[in-house]
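# Results of the structural survey
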Amino acid sequence: MLVHHSPTARLWLLRAATSSYAVRIGDDDTPRQVHWGRPMTLEQAETIPAGAEELIGEGGLATPSLQVRHADGGRGVDWRFDGHEIDGGHLRLHLSDRHYPLAVTLHYRVREDSDAIERHVTLRHTGDSAGDGAGHGAGGSTGDRSGHGPLTITRLDSAAWGLPVLPDYRLSHVSGAWGGEFRVRRGRAAIGETVLTSRAGHTGHHANPWLMADDGSATEERGEVWSAALAWSGSWRITFGRDHEGLAGWSGGFGHEGVTLTLAPGEEIGTPVFAGVYSAEGFGGASRRWHDHIRRHVLKFRDTQPVIFNSWEATEFDISQDRQLELAERAAAMGVELFVVDDGWFGGRTSDERGLGDWWPNPGRFPDGLDPMIKAVGDLGMAFGIWVEPEMVNPDSDLYRAHPDWVHHLPHRERTTQRNQLVLDFSRDDVAAWAHGWLDALAAKVAFLKWDFNRPITQAADEAWIPHVRNVYAILDRLRADHPHLRIEACAGGGGRADLGILARTDQVWTSDNTDAAERIAIQHGFGQIYPARAMGAWVTDSPNAISARPAPLRLRFHVAMAGHLGIGGNLMAWSDDDLAAGAELVALYKDIRPVVHDGDQYRLGTRGVQYIHGERVVVLRWQPSGLDRSAVPLRLAGLEPGARYRDVDSGRTHHGAVLMAHGLPLPMWPFDGVSDLVRLIREDSP
Ligand code: GLA
């Protein structure tokens, strides 16, 4: 059983794969967390005193999860518990306000094969516009129904998560910027509040909606770690709080401060899922639990991710059918399975100054449309994909000239551009219908869309921020349902739109526009804290790198990209015959290790390597990108069977699991800059 209930204690215990969560309705009917951590029985949980509120109301000392204003100016909530429902692993707790027409359901979902506890909230205005006072949540005072007008919501978080009272807490999260996403930050939690947020209308480059907390002693493979990740691709906020008495926890959800939502009588609103994962096996254990959960329950495709070629770095805006086909021939010879034409194929889009919004093939570049190109790529044995940026428009475009009112804007304010573009207001149903129309026609022809979003939203009406994201989700869901073979890559100027919400509708994320091998190691290290390797787009590009100007050997560029979902993003017309041949060999090797990398358990070996275990197969990718942290220390492997032997399929040598974990894998020619290698092991026997 996944959900256990004690009616006398008014307590529910949720059992995830290796952890438990318990919630209780307090004497004042306020729902409070009882336990989140190691496995517990109902009997044990009954003895634990109630802790932090499950959805923090106004009037306390912590940042509220729920802030409402009733029509008569009334604020806050006074909970009345209305009952519960259990449906497999789904628990619903129903609450209403004792005075005002407000009902809230707290949702919890657990599964046997996951450690994620998925939580969200639905909130309903239970008044009726006729004002007769009937309806759910009237609190026994049906004659007095103040606040029948609209309800104003200034905060509606998906969940608050409490932590055990411990002397200290440390926070882990990521920060970043364009070209430098997902840098892991780990430091002591302030006594006070720490806010992680995006006000950008998308997930954001500068933070990502997850955090991990530990008492300061957890390591990569040991210790307790509490973590949570929000499934939302618009603005968001997570507030972590810790006080002098040791109370600690966080609340998080969609929207940024200052944005209000209005609910009319009878209307309901739901929040995105905020999932939590507890691990008693350190940060690595937390990451593996997230990877498993996302692969099993978030991503839609679980089959093989194709090796991609993407034309962006090779040709940028200077594209034509002939040039793309030359690249396609070389890509096919290298073993690429999906050829993607990036920006510059449509309308008058010959630079980033014009044409965005005009989604028809540029007649000068593709005189007979896309069909001849799609056919030629198919004849080379590859699927065809294409870049789109549906939510954006250049002012210099036919679309904007026809529909200047279609963009997000504020009255009496200049419409500010970034990268020469404005953001279309996808909260409008006519805009969303237009986008769905041309995307649907395109999706009937192509196997893959790279869906980009290259600037933040900076000017939008209060009521537009959340519906914009909802309508993007609805279009993606419809495209997926109507075109079951369509794959989608989420991109926002690199890794600005990576979260559990977008991953539920796409197959991968373009991790960063920065493809420098050395910098990618750090970026991928951060991405992989939560998100699995199969969703991490990683290209091999040219040397020296376009962003860093740093040269890197071909093997290092490949080995770093092989730790995720491999693509080739370089100008193959400029590659030497030797590099093309070596590239083909490395692509073939990648196809061999792909199931281990994409479906296996990942162990980070510091920042000098990464290891994957899938059944009897083990893959280690290790690298020495530059002299800055040159080290001759062997890498100790993790997660092996100590009594088993592991055969290196390339050298033929056999190693003992216990020795590999205690003394590490012998080093090749180390420690020279740019050295990297791939080790493939097979478990020969188990004790
Ligand atoms: C963004 C993406 C790039 C590329 C360009 C095209 O920057 O991250 O990969 O698609 O847009 O304009």
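In short, a report on the structure. (Residues numbered from 1 in each chain as written. Predicted model: local features only at pLDDT ≥ 70, side-chain atom pairs only at ≥ 80, totals over all residues. Heavy atoms only, no water.)

With that out of the way, let us pick up the overall build of the chain. From N to C terminus, the chain includes 13 helices and 37 strands. At 26 Å, the chain has a C-alpha radius of gyration in line with the 26 Å of a compact globule built from 687 residues. Its C-alpha atoms give the chain principal-axis dimensions of roughly 85 × 70 × 40 Å. Out of the 687 residues belonging to the chain, those deemed buried represent 59%. The long-range share in the chain, meaning contacts at least 24 apart out of those at least 6 apart in sequence, stands at 69%. Surface summary for the chain: the accessible area is close to 25,100 Å², and the carbon and sulfur share equals 51%. (Helix = DSSP H or I, 4+ residues; strand = E, 2+ residues; numbered from the N terminus. Rg over C-alpha atoms; globule rule 2.2 N^0.38 Å. Buried < 20%, exposed > 50% of the residue type's maximum accessible area, 1.4 Å probe, protein only. Contact = heavy atoms within 4.5 Å. Areas by Shrake-Rupley, 256 points an atom, 1.4 Å probe, with all protein chains shown as cover.)

Before going further, it helps to examine helix α4 (residues 321-334). The first and last C-alpha atoms of α4 sit 20 Å apart over 14 residues, in line with the 20 Å expected at 1.5 Å per residue. Every buried residue of α4 is listed here: Gln321, Gln324, Leu325, Leu327, Ala328, Ala331 and Met334. Those residues of α4 hidden inside the fold are in contact with β22 (308-310), α3 (312-315), β23 (338-341), α5 (371-379), β31 (565-568) and α12 (577-599). Looking one or two places after α4, you find Gly335, whose phi comes out positive at around 105 degrees. (Expected span 1.5 Å × (residues − 1).)

Further remarks concern the nonpolar core. Counting 174 residues, the largest nonpolar core has Leu123, Phe240, Trp250, Phe339, Trp345, Phe558 and Ile568 as its most contacted members. Here this core gets eight residues from one element, more than from any other, and that element is helix α8 (residues 465-482). The contact partners of Leu123, leaving out residues within four places of it in the chain, are Leu66, Leu102, Ala103, Val104, Leu151, Ile153, Leu156, Leu263, Glu267, Glu268 and Ile269. Listed in part, the 15 residues of the second largest apolar core include Leu605, Leu635, Leu637 and Ala638. (Core = buried A, V, L, I, M, F, W, Y, C linked by side-chain atoms within 4.5 Å.)

Right, let's talk about the packing of helix α11 (residues 554-561) against α12 for a bit. Where α11 contacts α12, the axes come no closer than 11 Å and their chain directions differ by 25 degrees. Taken as axis vectors, α11 and α12 run roughly parallel relative to one another. Judged by the twist between their axes, the crossing of α11 over α12 is right-handed. Contacts between α11 and α12 involve Leu554, Arg555, Phe558 and His559 from the first element and Asp579, Ala582, Gly583, Leu586 and Val587 from the second. (Axes fitted to C-alpha atoms, helices over the stretch in contact; angles between N-to-C directions. Parallel < 35°, antiparallel > 145°, perpendicular 65-115°, else oblique. Left-handed = near helix turned anticlockwise from the far one by under 90°.)

Asp342, Asp343, Arg419, Lys450 and Asp513 are the nearest of the 13 residues found near the ligand. The separation between an oxygen atom of the ligand and a polar side-chain atom of Arg419 is 2.9 Å. At 2.6 Å from an oxygen atom of the ligand is found a side-chain nitrogen or oxygen belonging to Asp513. Protein chains bury 97% of the 300 Å² of accessible surface belonging to the ligand in isolation. More than half of the atoms of the ligand fall within 2 Å of the grid points belonging to the second largest pocket. Residues of the shell around the ligand, tallied by class, amount to four nonpolar, three polar and six charged. (Near = heavy atom within 4 Å. Polar contact = N/O pair within 3.5 Å; in protein donor to acceptor, adjacent residues only side chain to side chain. 1 Å grid on protein atoms, 1.4 Å probe; cavity = no way out; pocket = protein on both sides within 12 Å on 5 of 7 lines; lining within 4 Å. Sits in = over half its atoms within 2 Å of the grid points. Nonpolar A, V, L, I, M, F, W, Y, C, P; charged D, E, K, R; others polar.)

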